[in-house]
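Letter by letter, the chains look like this.
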Number of protein chains: 2
Amino acid sequence: MGLPSRSLATAVEALFADEPAEPRMHTSAVPGPRSKSLMDGINTLQDQRAVYFVQDIDKSIGNYIADADGNLMLDLYAQIASIAVGYNNPKLLDLARSDKFVRAAMNRPALGVFPPTDWKETLDEAFMTNAPPGLNQVFTAMCGSCANETAFKAAFMYQQAKKRGDADFTAAELASCMKNEAPGSPAYSIMSFAKAFHGRTLASLSATRSKPIHKIDIPALNWPVAPFPEVQYPLEANAAANREAEDHALAETEHLLKTHPVPVAAIIIEPIQGEGGDNMATPRFYQGLRALTQRLGVLMIVDEVQTGMGATGKMWAHEHWNLDTPPDMVTFSKKMQAAGWYHNMAMRASQPLRNFNTWLGDPIRAYQAAAIMQQIREYDLLKLVNEVGDYTLQGLRKLEQQHPAVMCNARGQGTFLAFDVPDPAQRAAIVENIRKRGVNMGVSGHQSVRLRPMLTFQKKHADIFLSRLKDTIEAGL
Amino acid sequence: MGLPSRSLATAVEALFADEPAEPRMHTSAVPGPRSKSLMDGINTLQDQRAVYFVQDIDKSIGNYIADADGNLMLDLYAQIASIAVGYNNPKLLDLARSDKFVRAAMNRPALGVFPPTDWKETLDEAFMTNAPPGLNQVFTAMCGSCANETAFKAAFMYQQAKKRGDADFTAAELASCMKNEAPGSPAYSIMSFAKAFHGRTLASLSATRSKPIHKIDIPALNWPVAPFPEVQYPLEANAAANREAEDHALAETEHLLKTHPVPVAAIIIEPIQGEGGDNMATPRFYQGLRALTQRLGVLMIVDEVQTGMGATGKMWAHEHWNLDTPPDMVTFSKKMQAAGWYHNMAMRASQPLRNFNTWLGDPIRAYQAAAIMQQIREYDLLKLVNEVGDYTLQGLRKLEQQHPAVMCNARGQGTFLAFDVPDPAQRAAIVENIRKRGVNMGVSGHQSVRLRPMLTFQKKHADIFLSRLKDTIEAGL
């Protein structure tokens, strides 16, 4: 299906006729003087210490981000993996100028009390046309952390409902929950995996195990953390060792599920750990987890906040696993722009107003998700992601062979790729120096560089990235 | 300052030239048949049990909400208190059509890494022109729950930094936080007040004490709940008894702060408990709380998610308290459309990436907040809120005298008003029947009806509401 690859690339190129042929750098360092001056101004009101540079939204185009100093960089970070189909995408700009978008933006509804007349159609177009296989319901929210938090709540309610059967809440439950005490506020946990990232609010942060700086000083719940398989890359070249590592992780997970003092309502896992170091395992591991959760009556939440919406070459990264039974919930945000989670009827709460809030998502972000879905189909972007992803991974592996002391472990799916660098200092040098050469990149985990280009990333962009990475390394970092 | 009241009302009226003179009802019940049919469709994908009716965003205008059946109702609920200056406000629609809005909407930035060139100016216009007195920093977020969760995190980090001084994190802290254990994940609590509502994510829900249906089955933190003063209304007519009730609550709060097993990092309180029953106290109570928190080294967070942005007749409801020292943090969302919290430099985290997430708010909602602020000034809407609020409260009190068996305890500030009904069944009848007469309303707490009109609510609207409330009551509910 779809256009042949050449026509496909041409069609995507035509979307961004003004995209430059290569990066254009005007300052010797990024951030340049104008970025720095603007950051000083913002810093009087908001902390600027994590800022890379100040961006010029108007001048960014397609796969290129513009900064305040007039630099135009090939963007492989894409607002922390959240831009799907290019900056200033003309079809998205048209959507934003449409009457329905304008009115929904300025009259944001409380969707759980006053849904708008087009809400069913919007849910279909934004969420159901490309829903994960086997899931037919969607809960909408405002961001990735909120998506995970509300999915956790659904898991707790589900487990209590399973115990309670058709019985009403008891008087003791109703009274004790107002004091934050059992039985109304039961002890339940969510199990996550070492190095996972699931968000920043207190419960989602309790499931997050990425880095101390994300967690330190914040009270945390007594929730179990399972080991993530200590695999070797490339996965296929280390099949026997990886099988053993995965079996070990599965056995430990089962042990924890059976023995952790706080009963586990659900496990949550990312298909590729997008913040904690781009760690991944083989489909067999995730199939084992699904079987284990089903056997033990624990729910399985797949966190596709970063992996969802096509970047791994499938709409949903967990489709790579070929599960017999779908996960119970799949959470999303970022590239989807709309946030929330897919589920089935079993995850609906027993009564209204239980999993609820004022906005319950935002129709304009659903309109945007629908328009992005439409472009993924129209331009066959999954095919493009697979082709360009394979090409880029091969290029990274070739560079690894040339520079084994600087980079290794190139890995990933689609264009959701990463490689490792010996230490954080060398990694910082690579990212800073390749930015001077016009490529904007991000990092993950302790020593990984992550590629998070848009779905419109083409072979010509991969060539620019690979040659500038080579130049950066060969210039001695 | 400002126009005389008559010109003011005329200017606001001119904004909504198409607003009807009174509600127009076409169906005998709400939801009508078209709403019901659309709800059936949405219900195949999302729970519809909390839905009042399906709204027609295009046809809603000013203070009137349109539904799918062509009914046009005076809206005193305003998307759960989140519409500030009228439906389809022409100046807001112009904003949404502007190039800067369109581009920011479709290129949503990761504000903490790549802020846009106009971000300082936007922060000034949206947040600083009407910042709470004494606070000069703003942390931006996506919704009210996220605003409170990130404010809690700031409180925990502040308290640990106070203990730690200039010392670095210890190795034990860095290691233990990855296991969700002390000392890296310390035991801290947030104290809230009986019947408070602070959000729906796990930590904000632990501080929420509104109703069992909001909390049951969800694990909760061992956090203390202080009594809210059991005052009598009108506050001014019961000064002596209320003084005693407030002293009692303050003494109990002090006792809990000193004895709760989990150290209290901060207290959080709403100026009027907008979800838990529109409970309020006199300024003296809040002044006492501020003095107490300062004496004990506990932070004070004022949750103005529902009360902020003018509805109480001041920009921030806590301005009614005349505190000597500002609160440490003031959280906001809803009518502001943008969410987050105000603070001072002391609440900045010691390092970047600690209180952080992908989007850190949304520039388009900041643009919208700036445009709403501009209209509040241009039309002197605080003056309008005070005048119409006083008029409406007098009308409610007159109705109470006529129907003491049906309603009592009319109370509030500005147009942020409420009254009590003997029981939930009678309250449901009032809300359902006044909706048939063309007035859309919400409820709070166990037996209160809450008024949450927009800031553009005028005397003519108050007259319609009061006369239809009278008719509803006199028709026997």
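Everything numeric in this text was worked out from a predicted model, so none of it was measured. (Residues numbered from 1 in each chain as written. Chains lettered and ligands numbered in written order. Predicted model: local features only at pLDDT ≥ 70, side-chain atom pairs only at ≥ 80, totals over all residues. Heavy atoms only, no water.)

(A) Molecular detail of the pairing of strand E3 (residues 137-141) of chain A. Residues and elements named next belong to chain A. With 5 of its 5 residues buried, E3 lies for the most part within the structure. Covered by surrounding structure in E3 are Gln137, Phe139 and Ala141 together with Val138 and Thr140, the residues of both alternating faces. With 5 bridges connecting them, E3 and strand E9 (residues 339-343) associate as antiparallel partners. Counted as the bridge partner of Gln137 is His343 from E9. (Buried < 20%, exposed > 50% of the residue type's maximum accessible area, 1.4 Å probe, protein only. Helix = DSSP H or I, 4+ residues; strand = E, 2+ residues; numbered from the N terminus. Pairing = 2+ DSSP bridges.)

(B) Quick look at the relation of the copies chain B and chain A. Superposing chain B onto chain A takes a rotation of 180° combined with a translation of 0.0 Å along the rotation axis, leaving an RMSD of 0.0 Å. Classification of the inter-copy transformation places it as that of a two-fold axis. Identified as the residue of chain B closest to the rotation axis by C-alpha distance is Arg97 of chain B, at 2.9 Å. Most of the interface of chain B is mirrored in chain A, where 100% of its interface residues again form contacts. (Least-squares fit on C-alpha atoms with pLDDT ≥ 70 in both. Contact = heavy atoms within 4.5 Å.)

(C) Geometry of the domain arrangement of chain A. All names here are of chain A. Considered domain by domain, chain A is made up of domain 1 (5-88 + 380-474) and domain 2 (108-377). Relative placement of domain 1 and domain 2: their C-alpha centres are 29 Å apart. Contacts between the two partners involve 29 residues from domain 1, matched on the other side by 28 residues from domain 2. Between domain 1 and domain 2 the total buried area reaches about 2,500 Å² when both faces are included, carbon and sulfur atoms providing 56% of it. The interface formed by domain 1 and domain 2 includes 3 salt bridges. (Domains from an automatic or database assignment. Buried area = accessible area lost by both parts, 1.4 Å probe. Salt bridge = Lys/Arg side-chain N within 4 Å of Asp/Glu carboxyl O.)

(D) Molecular detail of unusual backbone geometry. Here the bond from Ala182 of chain A into Pro183 of chain A is cis, since omega is 5°, no more than 30 degrees from zero. Topologically, Pro183 of chain A is positioned in the loop between helix H8 (171-177) and strand E4 (189-193). Here the bond from Tyr233 of chain B into Pro234 of chain B is cis, since omega is -5°, no more than 30 degrees from zero. A positive phi angle is found at Asn180 of chain A, which is not glycine, with a value near 60°. Structurally, Asn180 of chain A is set in the loop between H8 and E4.

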